[in-house]
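Structural description and commentary
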Amino acid sequence: MDSQDPYRVEYRHSLAELEDEVNKIMIEDCKIDACADLFLFRVLPFQSGTYQHEYYEYSAYSGYGFSNFLKSVPEEPKAAATEELRLNVDRVLPGLLDDYDGNILEHEKIKGRLDARWKGMDAYQKDGASKNSIPRSLVDILMEKQYRERAGLSDVSSDEKAAFTESCRQLQSIIEGEHATASFSCGGSIPIVLGDLQAPEVTRPASSPVSIFWSKGDDATARKLVLPLDESVPHTHPDTLRRLVVDCDPASFGRGEQDVIDPEYRRAGKINADQFATSFHPADFGILENLSQVLLPSISSETDNQLGFRKITAELYKLNVYSGPSGHFRKHVDTPRATNQIGSLVVCLPCPFKGGSLTVEHHGQKVEFDWSEKSETSIQWAAFYSDCEHEIETITHGDRVTLTYNLYVTEPLNVGVPSPMSIVDPKAYPAYSWIRNLLEQEEFMKDGGVLGIFCSHAYPHSSNLADLQLPRALKGADLVLYSVFRSLNIDVEVLPILEKDGHYCAEDPSLGITGTVPGEDEIAPNGRRRRSRFYMSEYDYDHSGTLQRFLGNGKKPWPNYVELLPSASPADYEDIDRRWKTLMLSRRVGGMQNMVENFATEELPAKVNSTHRNPGVQVGLSHRPYKTFNRGYERGLDEVIQSIWPVQYLPGVTWITGPKHEEMAFSQIAYGNEASIGTRYSCAAILAVVPPAEQRVGMLRQG
Ligand SMILES: O=C(O)CCC(=O)C(=O)O
Ligand SMILES: [Fe+2]
C-alpha cells in the first residue's frame, strides 16, 4: 500500500513497547493499590452514621463517592492511617511524592486508586466471603514468576523454551501412560514396633510382632512362631522358624490344566490356608483401602467408582517360605480362583533374607519390589492385577516368609469413608523415578513453577464431602501422582478450576491441550448441544481503545483491570510487598490479550513470551457443594463471584494435561426479559508447587 493512503494508520509504538508500558503502569498501580487497601482496611471500622455497611453495597452505584465516605471517618484514626499511607507509598514508590507537599489523599493518582479500590471493595466485603485462601507456597511461586516476567527480569532463550516443552511432553506421556495402564500394582511397608504401639514416638501405622500358628498332618497340637526372630524366647527362636520350614510341603504351580511341582521353576515351601492361622490381617493397616484406591478405578466404570459401589476383599490363600540359597519362582501369571478375582496380594513377614526381589510387569511397564533391606524390621506388601506377569528372583540367604491373598471385587452393603492414612509406597510407581530425575535437573523450572494436571478420574468434587475426601479419595493415576509428588516433598493441592466460556485453561498445541473438556461441542441425539450454555455476564469489555491509542500517538494508556482475588486477611493487607505482587498476579488488563493475539504484525511485533497472551485459570479456594444463587442481578460475575464461589485468578501454571471431567459448580438465576438459569462448571486439578532448583537439591534427597 502506498504511503499516500489516507486510511493508513501510522504507528509510533510496537506491541512489545505497549506491553512494557502497560507492565510498568501495572506494577505502579499494584503498589499504590496495596497501600490503598491497607489504608481502607484501617479506616473502614470507623465509618459511622448513614455510611453503615448495609448501605455500602449501593454506595458505588448511587453516587456516594469515596470522599463522602471519608468524611464519616473521625479525624484521629484518619490521620494515623494517612501517615501510614504516606510512609508506605514513599517506600514502595520512592520519588512519587517528592514534589508533592499537599494532602496525600488529594494526590491525583492516589486519590484515583483509593476511589477505585473503595468501589471494588463493597462487592464482596458484605458477605465476608470465605476466610480461605489459595495455599501460600503456590501463590508465592507464581507471583515471583509473574513479577520477573513483567519487570523484564527473566529472559528465556528459545532453546531453553524448546527443552522445557520437550520435558513437559515427556511428563505428559508418563502421566497419561500411568493412566492407560492404570497403575497395575502398588505396595508399601509397615514397621514392626516391639514396645508400646500407643507410645508417642510411634507416629505412623506400625505393627506389633506377627504370630503364626500351624499344625502338621494329624497332629492336633498347634505350633507357634512369632516374627521378627529373637533368640531369647522359644516362640521367636530361629529353631522354631526351621520347624516351620520343615513342616512346609513343596509348593506347586499351575501348568496347563495341572498343578505341578518343579523345583527348576519354583522352589518354595507352602502351607495351605486350612492348616495355619495368623495374627496378621491386611485390613488392619488400611492396606485394603490403599490398594483399592489404586487398583479399583480402572476396572470399574466411573459411575461405579463415584458411587463407591465396589470394594476389594482379600482371602487368605497360602503361606510360603522361599529359603536361601536357591528359593525362587520363575515368571508366571497367577491362576484366578474365581471370576471376580482381580489380583493378588503378597505380604512379606519380618524375617531376614537376601535377594528375592519381586518384579511385576504389565504391558511393558515393570515394577520391582526389593524387600531384602527392610526384611528384618518391616512387614512389606505388594498387590497387582491378575493379568500381570511376575517373578521372584533367587533368595540367596535367609527365609522369605510370605502370606498370599486372592483379591476379589464385591458389591458392599454400605459405603464407608476412605481411610486418611496412606501407607502406599510411591517409589513402587514407574512415575516416581522419572519425576524425581526431572526435578533433579537444574534447568527444569530453574526459578520454580507450578505443574498443573487435570484429574484423570471423575470425583464428586463439588459435593459437601469433597473437601474432606480429596485428596484422600483420589484414585488410580491421580493418587499415584499425588503420592509421588508428596514423597518428593513437593507441595500438592487438589483444587477445582472454574471454566470461563467453556475454557478451563489456555490452549497449548505443543501438548495437544485445547483447554476444553472433550465432547463439549457434541450435538446430543435430540439435536441440542450436549449442554446449553448460559452465563452471567462478565465485565470483560474490550478496553482496548486506550491501548490502541498508545500505539498510534504515544499517549499514556489507562489499563482497565479485571481482578479475581478473594478477600484478604489483616496479615495479607499488612504485608505490602507481598500484597502488591498478589494483586498483580490476580489481574488481567482488559483488552490486552486480544491486542497481543490479534494485532501482532511485522510492523507491530509483540513479545515472544508475552505474559498477556495466555489467560490464567480461575482456581476455587475449596471444594464446595453445588448451589444455586440469584445474586448477580444486573451485576457482573466478576463482581459477585467472591461471595458465592471464591476464586483466585492464577496465570503461569504449566498445564501438563487438559481438563477431562467436569462437574456443575454453581448455577445462577438471572432475571432479564425472562428469568433463566445459567450453570458454571468446574474440573478438579492437581497442582504441584515446584520450588526453585537450588532449593530442590536437599529436598528431593530427603524424600
Ligand atoms: O511371594 C511373592 O512375592 C509372590 C508369590 C507368587 O507369585 C505366588 O504365590 O503366586
Ligand atoms: Fe504369583
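Sequence order as written defines the numbering, with residues in each chain counted from 1. Chain A is the first chain written and ligand 1 is the first ligand written, with later ones labelled in order. Local features are withheld for residues below a pLDDT of 70 in this predicted model, meaning they are given only at 70 or higher, and side-chain atom pairs are given and counted only at 80 or more; totals for whole chains, interfaces and linings count all residues. Hydrogens and waters are ignored; side-chain quantities use all the structure's heavy atoms.

An unreviewed UniProt entry lists the protein under the name Fe2OG dioxygenase domain-containing protein, with Aspergillus mulundensis as the source organism.

With that out of the way, let us pick up the site of ligand 1. Note on terminology: near, applied to a residue and a molecule or strand, indicates that one of the residue's heavy atoms is within 4 Å of it. Around ligand 1, the neighbouring residues are Arg266, Tyr322, Phe329, His332, Asp334, Val346, Leu358, His390, Ile392, Arg400, Thr402 and Thr404. A distance of 2.9 Å separates an oxygen atom of ligand 1 from a polar atom in the side chain of aspartate 334. Identification of polar contacts relies on pairs of N or O atoms within 3.5 Å, with a donor-acceptor requirement for protein atoms, meaning one able to donate a hydrogen and the other able to accept it, and with residues adjacent in sequence counted only if both atoms are side-chain atoms. With respect to ligand 1, the side chain of histidine 390 contributes an N or O atom lying 2.9 Å from an oxygen atom. Secondary structure elements are defined from DSSP: runs of H or I of at least 4 residues count as helices, runs of E of at least 2 residues count as strands, and each element is numbered from the N terminus. Elements supplying a minimum of two residues to the shell around ligand 1: β11 (327-332) and β17 (389-410). Looking at the shell around ligand 1 element by element, the count peaks at five residues for β17. Residue composition of the shell around ligand 1, by class: five nonpolar, four polar and three charged. Amino acids outside the nonpolar list (Ala, Val, Leu, Ile, Met, Phe, Trp, Tyr, Cys, Pro) and the charged list (Asp, Glu, Lys, Arg) are all regarded as polar, and Gly is one of them.

Assignment of secondary structure puts arginine 150 in helix α6 (residues 136-150). This buried residue, arginine 150, is left without a salt bridge; glutamate 19 holds the nearest opposite charge, at 6.8 Å. Residues within four places of arginine 150 in sequence aside, it is in contact with Asn23, Met26, Ile27, Met584, Thr611 and His612. Buried means the residue's accessible area, taken with a 1.4 Å probe over protein chains only, is under 20% of the maximum for its type, while exposed means over 50%, and partly exposed covers the values in between. Think of it this way: Lys and Arg go in the positive column, Asp and Glu in the negative one, and His and the chain ends go nowhere. What counts as a salt bridge is simple: a side-chain nitrogen of Lys or Arg found within 4 Å of a carboxyl oxygen of Asp or Glu. The contact definition used throughout considers only heavy atoms, calling two residues in contact when any of these lie within 4.5 Å.

A few words on the pattern of salt bridges. In total, this model carries 31 salt bridges according to the counting rule given. Close ionic contact of lysine 24 with glutamate 21 constitutes a salt bridge, the shortest N to O distance being 3.9 Å. You can see lysine 24 and its partner glutamate 21 sitting in helix α1 (residues 15-43), three residues apart, about one turn around the helix. A residue is classified by how much of its surface remains accessible, and lysine 24, at 57% relative accessible area, is exposed. Two residues, arginine 579 and aspartate 37, come together in a salt bridge whose shortest N-O distance is 2.7 Å. You can see arginine 579 sitting in helix α16 (residues 576-585) and its partner aspartate 37 sitting in helix α1, a full 542 residues away along the chain. The pair arginine 579 / aspartate 37 is uniform in exposure class, with both members buried. Here the salt bridges share partners, and the residues they tie into one network are Asp33, Asp37, Arg113, Arg117, Glu563, Arg579 and Arg587.

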